[in-house]
Amino acid sequence: MEEIRTVADALCNVLEDDKAEDLVLVELQGKSSLADFMIIASGRSSRHVAALASNVAEEVKKMTGRKPSVEGMPNADWVLIDTGDVIVHLFRPEVREFYNLEKIWVSDKSAHRANAT
């Protein structure tokens, strides 16, 4: 689990360095068998979301040696990056507000603003 947490933290750092907004890291252990962590963040525009996604995918490949599954790049309104153990959701702000994943997955104990760590 510690190795997976290291990957999640590294991806959060990439997103912070690339100026992602409203970055949230959610622990999914015990809630879902899909992954152990979920990262949710926003980009200012479709172009910013696409750049964030490209950089995250590049970091995943560098860290794990595996290319992650990436969905949603043509429009880059909502891009999903699945590393297997960490799922990253990148949104334009209005799309994130519409789907409101935080309401579904976040509890006071399972998530925190990534910059609070």
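The rules we used
- Residues numbered from 1 in each chain as written.
- Predicted model: local features only at pLDDT ≥ 70, side-chain atom pairs only at ≥ 80, totals over all residues.
- Heavy atoms only, no water.
- Core = buried A, V, L, I, M, F, W, Y, C linked by side-chain atoms within 4.5 Å.
- Buried < 20%, exposed > 50% of the residue type's maximum accessible area, 1.4 Å probe, protein only.
- Helix = DSSP H or I, 4+ residues; strand = E, 2+ residues; numbered from the N terminus.
- Contact = heavy atoms within 4.5 Å.
- Expected span 1.5 Å × (residues − 1).
- Arc of directions from axis to C-beta.
- Salt bridge = Lys/Arg side-chain N within 4 Å of Asp/Glu carboxyl O.
- Phe/Tyr/Trp six-rings, centres within 6.5 Å; stacked < 30°, edge-to-face > 60°.

Enquirer: Whenever I open this one, the nonpolar core confuses me. Can you help?
Expert: The nonpolar side chains of a soluble globular protein tend to be buried, and buried together. Leu11, Leu15, Ile39, Val56, Val86, Val88 and Leu90 are the most contacted members of the largest nonpolar core, which totals 24 residues. Sorting the residues of this core by element identifies helix H1 (2-17), strand S1 (21-27), strand S2 (37-42), helix H2 (46-64), strand S4 (78-82) and strand S5 (86-91) as the ones contributing at least two each. Those residues in contact with leucine 90, other than ones at most four positions away along the chain, are Leu15, Ala41, Val49, Leu52, Ala53, Asp77, Trp78, Val79 and Ile81. In this structure, Val24, Met38, Ile40 and Leu101 belong to the second largest nonpolar core, which totals 10 residues.

Enquirer: Teacher, can you tell me more about unusual backbone geometry here?
Expert: Negative phi characterises most residues that are not glycine, and trans characterises most peptide bonds. One non-glycine residue with positive phi stands out, namely lysine 19, at about 65°. With phi around 45°, asparagine 100 is a residue other than glycine that occupies positive phi space. When you line up the elements, asparagine 100 lands in the loop between helix H3 (93-99) and helix H4 (101-105).

Enquirer: Is there a simple way to think about H2 in this case?
Expert: For H2, with 19 residues, the first-to-last C-alpha span of 27 Å sits near the 27 Å given by 1.5 Å per residue. Listed in full, the buried residues belonging to H2 are His48, Val49, Leu52, Ala53, Val56, Ala57, Glu59 and Val60. The buried residues of H2 occupy an angular sector of 165° when the element is viewed end-on, so they sit on one face. Turned more than 90 degrees away from the buried face of H2, the exposed residues are Arg47, Glu58 and Lys62. The inward-facing, buried residues of H2 contact H1, S2, strand S3 (69-71), S4 and S5. Glycine 65 lies just past H2 and shows a positive phi near 80°.

Enquirer: Hey, could you run me through the pattern of salt bridges in this one?
Expert: Two side chains carrying opposite charge are able to pair once their charged atoms lie near each other. All chains considered together, the criterion is met by six salt bridges. Glutamate 27 serves as the salt-bridge partner of arginine 5, at 3.5 Å between the closest nitrogen and oxygen. Of this pair, arginine 5 sits in helix H1 while glutamate 27 sits in strand S1, and the two are 22 residues apart along the sequence. Residue arginine 96 is joined to glutamate 102 by a salt bridge in which the shortest nitrogen-to-oxygen separation is 2.2 Å. On the basis of relative accessibility, which here comes to 17%, the residue glutamate 102 falls in the buried class. Several salt bridges converge on common partners, so that one network encompasses Arg5, Asp9 and Glu27.

Enquirer: Whenever I open this one, the packing of aromatic side chains confuses me. Can you help?
Expert: Any aromatic ring pair is given by two values, namely how distant the centres are and how the planes are angled relative to each other. Taken as a whole, this structure holds three aromatic pairs when the rule is applied. With a centroid separation of 4.9 Å and an interplanar angle of 35°, the aromatic rings of tryptophan 78 and phenylalanine 91 are classed as tilted. In this pair, tryptophan 78 is assigned in strand S4 and phenylalanine 91 in strand S5, connecting sequence segments 13 residues apart. Given the relative accessible area of 1%, phenylalanine 91 is considered buried.

All we've got here are geometric facts, nothing functional implied.
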